[in-house]
Amino acid sequence: MNIDDWRSQIKRGTLEFSILLMISQGPCYGYEIISRLERRPMELLSPAGHWEAMAAAVQNGAGAVYLGCGDLNARRGAKNFTPQELPAAVQYCHLLGVRLYLTLNTLPSDRELDSARDMLLRSSRGGVDGVIVQDWGLAALARSVTPDLPLHGSTQMTVHSLAGEIRGDGPG
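What counts, and at which threshold
Residues numbered from 1 in each chain as written. Predicted model: local features only at pLDDT ≥ 70, side-chain atom pairs only at ≥ 80, totals over all residues. Heavy atoms only, no water. Buried < 20%, exposed > 50% of the residue type's maximum accessible area, 1.4 Å probe, protein only. Helix = DSSP H or I, 4+ residues; strand = E, 2+ residues; numbered from the N terminus. Contact = heavy atoms within 4.5 Å. Polar contact = N/O pair within 3.5 Å; in protein donor to acceptor, adjacent residues only side chain to side chain. pLDDT = per-residue confidence, 0-100. Phe/Tyr/Trp six-rings, centres within 6.5 Å; stacked < 30°, edge-to-face > 60°.

This paragraph deals with helix 7 (residues 136–145). All of the buried residues along helix 7 are L138, A139, L141, A142, R143 and V145. Packing partners of the buried residues in helix 7 comprise strand 3 (99–104), helix 6 (113–126), strand 4 (130–133) and strand 5 (151–153). A distance of 3.2 Å separates the backbone nitrogen of G137 from a side-chain oxygen at the start of helix 7, and that oxygen is part of D135.

In structure tokens form, the structure reads like this:
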């Protein structure tokens, strides 16, 4: 596949957005990475910090939403979903064909690891489509506790090199 093929597929929305960044860093390793990615339509991922924001995102075409729940997300001071509301949020999104991702994008302290473990288990059992993490240790905990729950790296992981991408490909 040459660069013109990539551009035409990106314009048609059949390649992931992240490939555009990888292509700009050189065709050799860009092609190597691209060959491992599944081709699928682009998806609009929208923040959904509370019920009203989630409903607005879903009703206006979001293919997926992400939200925080409890204290283990970067917006813990904002209005968030409670652990008790999470199952209803998942049910609402799935009923309308929208995926829901939970953000656990903080650097948890040792005191918070039990809460993180509980939230991971709750997410897995509750049908959350994936978890967005910042901390490598939390990613390792998620892999051991909920091996089937998809993991996604937060932009806060600051992965900015091929070495970081390769490391990130392992845990999740």
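Time to look at the confidence of the model for the protein chain. Caution applies to low-pLDDT regions: their predicted coordinates should not be interpreted in detail. Confidence in the prediction for the protein chain averages 77 pLDDT; 67% of positions are at 70 or higher. Residue range residues 14–35 is modelled with pLDDT below 50. Its contacts to residues more than four positions away, or to other chains, number 31 contacts.

For the rest of this paragraph, the subject is the packing of aromatic side chains. Per the stated rule, a full pass over the model turns up two aromatic pairs. Centroid distance W51 to Y92: 6.4 Å. Interplanar angle 70 degrees. Geometry classified as edge-to-face. With a gap of 41 residues between them, W51 in helix 4 (residues 51–59) and Y92 in helix 5 (residues 86–95) connect regions that are remote in the sequence. Taking the relative accessible area as the measure of exposure, W51 reaches 30% and is therefore partly exposed. According to the relative accessible area criterion, Y92 is partly exposed, its value standing at 21%.

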